[in-house]
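# Architecture and fold: a report
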Amino acid sequence: VRQRYVMAPYIYTMARKGYDEGIALCRPMYYDYPECQEAYDFRSQYMFGDDMLIAPVTKPMIDGFAEVDVWLPEGKWFELHTGTLLEGGAVVKRHFALDEYGIYVKAGAVLPFYGHEVDNLDGNDEDITLTVFPGGDGVFTVYEDAGNDKNYAQEFATTRVSNSWTGNVQRVTISPREGQYAGMSADRRYKVKVLATIAPESVTVDGVPAAYSYDGYDFSFTIEVPQ
């Protein structure tokens, strides 16, 4: 339940895509990779929105771990429970403890999450953590609406976020919010969390030096973006 709360901004955005395009949040692998035989063979795997691949752990545990064959399509994939960047286009053997699950995120993705302190989804004005995954460039458009009426067809807002690399400089761009809905706050607070990296030499926000915190547990650093 808490994991779902953390992922709520991503899930809600993908739910909107389902409304607009008729493509479900959970969908079989062959929707995205119809030319790959593995997309049909690995029947328990599925895509969870555009950027997450889920490989359910359905094998028994031996000495505390379950061994699972996971098919990763072409490209690089970030394994959420280990922080490992894996090369796709292959079937890989992975090991899972009882509290671990096969969640793989496309390299370079920028996904909107809530913090662990969110205990309910009554509102949508909580700080959003834009989580930047390693391994490439990426773009994501965050969706929001009032959340408690049926006016979402015409009344909603979107924010485009991009992640790009030039040499050893990484740039995350939060574009102006577009759209409007009833009760929408004029301001929004974001955090930017960059995963699987050493501490940066410097961080700037709009060209101005900015403070950040570094977490040695998951090798990530977080910047609080001004409102």
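Residues numbered from 1 in each chain as written. Predicted model: local features only at pLDDT ≥ 70, side-chain atom pairs only at ≥ 80, totals over all residues. Heavy atoms only, no water.

## What about the pairing of strand β3 (residues 52-55)?
Residues of β3 alternate between two faces, with M52 and I54 on one and L53 and A55 on the opposite face, all of them buried. Pairing of strand β2 (residues 46-48) with β3 involves three bridges; the strand directions are antiparallel. Looking across to β3, one finds that Y46 is bridged to I54. Remark: three residues form the turn of the hairpin made by β2 and β3, two consecutive strands paired antiparallel; G49 in that turn has positive phi of roughly 75 degrees. By the bridge criterion, four bridges tie β3 to strand β8 (residues 102-106) in an arrangement that is antiparallel. When the sheet's bridge partners are listed, A55 is paired in β8 with G102. (Buried < 20%, exposed > 50% of the residue type's maximum accessible area, 1.4 Å probe, protein only. Helix = DSSP H or I, 4+ residues; strand = E, 2+ residues; numbered from the N terminus. Pairing = 2+ DSSP bridges.)

## Considerations on the pairing of strand β10 (residues 128-132)
The element β10 is largely enclosed, with a buried count of five among its five residues. Covered by surrounding structure in β10 are I128, L130 and V132 together with T129 and T131, the residues of both alternating faces. In this structure, strand β9 (residues 110-113) lies alongside β10, joined through four bridges in antiparallel fashion. Along β10, the bridge assignment pairs F113 with T129. As paired elements, β10 and strand β15 (residues 190-194) share five bridges and run parallel to each other. Across the sheet, I128 pairs through a bridge with Y190, a residue of β15.

## Some points on the environment of A90
Counting through the fold element by element, A90 comes out in strand β7 (residues 90-96). Overall, the relative accessible area of 29% leaves A90 in the partly exposed class. Residues A90 and Q154, 64 residues apart in the sequence, show an inter-C-alpha distance of 43 Å. Those residues in contact with A90 that sit more than four places away from it in its chain are V70, W71 and L72. (Contact = heavy atoms within 4.5 Å.)

## Topic: a nonpolar patch on the surface
Nonpolar side chains collect at one region of the surface, where I23, Y30, Y31 and Y40 lie side by side and expose about 380 Å² of accessible area between them. Looking at where Y30 falls in the secondary structure, it is placed in helix α3 (residues 29-32). (Patch = residues over 30% accessible without salt bridge, like charges linked within 9 Å, V, L, I, M, F, W, Y side chains within 5 Å. Areas by Shrake-Rupley, 256 points an atom, 1.4 Å probe, with all protein chains shown as cover. Salt bridge = Lys/Arg side-chain N within 4 Å of Asp/Glu carboxyl O.)

## Section: the pattern of salt bridges
Taken as a whole and assessed by the stated rule, the structure comprises 12 salt bridges. The partner of R188 in a salt bridge is E144, with the nearest N and O atoms 2.9 Å apart. With R188 in the loop between β14 (178-180) and β15 and E144 in strand β11 (residues 138-144), this residue pair connects regions lying 44 residues apart in the sequence. A relative accessible area of 11% means that R188 is categorised as buried. Residue classification places E144 among the buried positions, given a relative accessible area of 5%. A salt bridge links D218 to K193, with the shortest nitrogen-to-oxygen separation between them at 3.3 Å. Taken as a pair, D218 in the loop between β18 (213-215) and β19 (220-225) and K193 in strand β15 lie far apart in primary sequence, 25 residues in all.

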